[in-house]
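A look at the structure
Single-letter residue listing:
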Amino acid sequence: MTSAHLPVIDLAPLTRPTTNAAALAHSVSQLREACLSHGFFYVVGHGLPESLTSRLESLARAFFAQPDAVKLRCPMSAGGRAWRGYFKAGGELTSGQPDWKEGLYLGSELASDHPRVRAGTPLHGPNLWPDAPAGLRETVLAYLDAGAAVCATVLRGIALSLELPADYFEQRYTRDPLLLFRIFNYPSRSAPEAATWGVGEHTDYGLLTLLYQDGTGGLEVRTPQGWVQAPPLPGSFVCNIGDMLDRMTRGLYRSTPHRVRLNTSGRDRISFPLFFDPDFHSTPAPIEGLPAAADDHATRWDGASVHDFSGTYGDHLLRKVGKVFPELAATVLG
């Protein structure tokens, strides 16, 4: 099974303890080739129930169909350091330019007495749940658990593709992963002149992204052969590696720029990106024994190198997200 441009990988051999060695080796080999060539791939055989995804999509459409005044009852400005809540279309920036999408920022549900919440750790805390539609909270939390399990499976395969123990990333970075989840709506109505993309060109900050997209399409990926479309494939998710995996593999597995076209389909486009990132307090380090690849900062979308920063993943992430919502960052994170 293949798409026109990006590989499709069956995760089933990585999820079944009785998988024969040949099937497992084939999936791991496919993952390695996908990470070397594109940094983007589809996954099937993932085990995430289609019924759960469909239910969440229906609830998301119901939420976004409400008037702005209703949606803004849970604004990001009320989310505090947890960085949760709703933002209006045009309220998020990529490279300083407004994206033409609206969204609900969510993540792992942590109670107010959780040690990291009590300590004021940014991006940790309770979610801001809308009053309607009913069932959104329960469905999101179920989806987060299921999606995180898929991400953990992919990372085990990626570890094996690097000839590392399957639990390499879990032992060092993802025993307590930072899970950030977005529900995005790309309106079909005309965008203001300042918004030229649904989402501008960017790379993701962390380890791995798992993306559900509805049937509308619009995702584009920059490959060595140029920009290609990543159309929705029934029953699949799109995976891409982020800047931290680029850093850990010394550039062997590159984080790939991608973007989303303005939605002109006549129907709102829904997507669910789940970011499976290192523990906020972990310090991402290059994997020993891997040779360093050529420095690519001059050709990156942001002109930055993912290999030359120091500090924790949280330090890196806060510098990045502060550029996405600069006014909120100045108010909440200081």
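See above for the structure.
Residues numbered from 1 in each chain as written. Predicted model: local features only at pLDDT ≥ 70, side-chain atom pairs only at ≥ 80, totals over all residues. Heavy atoms only, no water.

**Section: the overall build of the protein chain**
Within the protein chain one finds ten helices and 14 strands. The C-alpha atoms of the protein chain give a radius of gyration of 19 Å, which matches the 20 Å a tight globule of 334 residues would have. Looking at the 334 residues of the protein chain, the share that counts as buried comes to 54%. Across the protein chain, contacts joining residues at least 24 apart in sequence account for 78% of those joining residues at least 6 apart. Carbon and sulfur atoms provide 53% of the accessible area of the protein chain, an area that totals close to 14100 Å². Placing the 30 positive and 34 negative side-chain charges of the protein chain at their respective mean positions leaves the two points 1 Å apart. (Helix = DSSP H or I, 4+ residues; strand = E, 2+ residues; numbered from the N terminus. Rg over C-alpha atoms; globule rule 2.2 N^0.38 Å. Buried < 20%, exposed > 50% of the residue type's maximum accessible area, 1.4 Å probe, protein only. Contact = heavy atoms within 4.5 Å. Areas by Shrake-Rupley, 256 points an atom, 1.4 Å probe, with all protein chains shown as cover. Lys, Arg positive; Asp, Glu negative; His and termini not counted. Charge placed at Lys NZ, Arg CZ, Asp CG, Glu CD.)

**A closer look at the pattern of salt bridges**
As a working rule, side chains carrying opposite charge can pair if their charged atoms are close by. Overall, the coordinates contain 14 salt bridges when judged by the stated rule. Between Glu 57 and Arg 61 there is a salt bridge whose closest N-O contact spans 3.1 Å. Placement of the pair is Glu 57 and Arg 61 together in helix α3 (residues 50–64), with a separation of four residues, close to one helical turn. A relative accessible area of 12% means that Glu 57 is categorised as buried. Between Glu 220 and Arg 259 there is a salt bridge; the shortest N-O distance is 2.7 Å. Placement of the pair is Glu 220 in strand β10 (residues 219–223) and Arg 259 in strand β13 (residues 258–260), with a sequence separation of 39 residues. (Salt bridge = Lys/Arg side-chain N within 4 Å of Asp/Glu carboxyl O.)

**Remarks on the nonpolar core**
The biggest cluster of nonpolar side chains holds 90 residues, and the ones touching the most others in it are Ile 158, Phe 169, Phe 181 and Ile 183. Of the residues forming this core, the biggest block, eleven residues, is contributed by helix α6 (residues 136–161). Not counting the four nearest positions on each side in its chain, Phe 169 is found in contact with Leu 155, Ile 158, Ala 159, Leu 162, Thr 174, Leu 245, Met 248 and Ile 287. (Core = buried A, V, L, I, M, F, W, Y, C linked by side-chain atoms within 4.5 Å.)

**A few points about the sheet that holds strand β3 (residues 85–87)**
In any sheet, the strands associate via hydrogen bonds between backbone groups, in a parallel or an antiparallel arrangement. The eight strands lie next to each other as β1-β2-β12-β9-β14-β7-β6-β3, forming an open sheet whose pairing is mixed. Strand pairing shows two members of the sheet lacking a second neighbour, β1 (8–10) and β3, which therefore form its edges. Shown here is a sheet whose adjacent strand axes are inclined to one another by a mean of 25°, direction ignored. Taken strand by strand, α6 contacts β2 (40–44), β6 (102–107), β7 (178–186), β9 (208–213), β12 (237–241) and β14 (269–277), and its axis lies near 55° from that of β14. (Pairing = 2+ DSSP bridges. Axes fitted to C-alpha atoms, helices over the stretch in contact; angles between N-to-C directions.)

**Remarks on the environment of Phe 325**
Looking at where Phe 325 falls in the secondary structure, it is placed in the loop between α9 (313–324) and α10 (326–332). Among residues more than four places away in sequence, those in contact with Phe 325 are Met 76, Trp 83, Phe 87, Gly 91, Glu 92 and Tyr 105.

**Here's the deal with the packing of helix α2 (residues 21–37) against α6**
Put simply, α2 and α6 touch, their axes get as near as 8 Å, and they point 85° apart. Taken together, α2 and α6 sit at an angle that is classed as roughly perpendicular. Judged by residue contacts, Val 28, Leu 31, Arg 32 and Cys 35 of α2 engage Val 154, Gly 157, Ile 158, Leu 160 and Ser 161 from α6. Classifying every residue of the contact of α2 with α6 by side-chain character gives six nonpolar, two polar and one charged. (Parallel < 35°, antiparallel > 145°, perpendicular 65-115°, else oblique. Nonpolar A, V, L, I, M, F, W, Y, C, P; charged D, E, K, R; others polar.)

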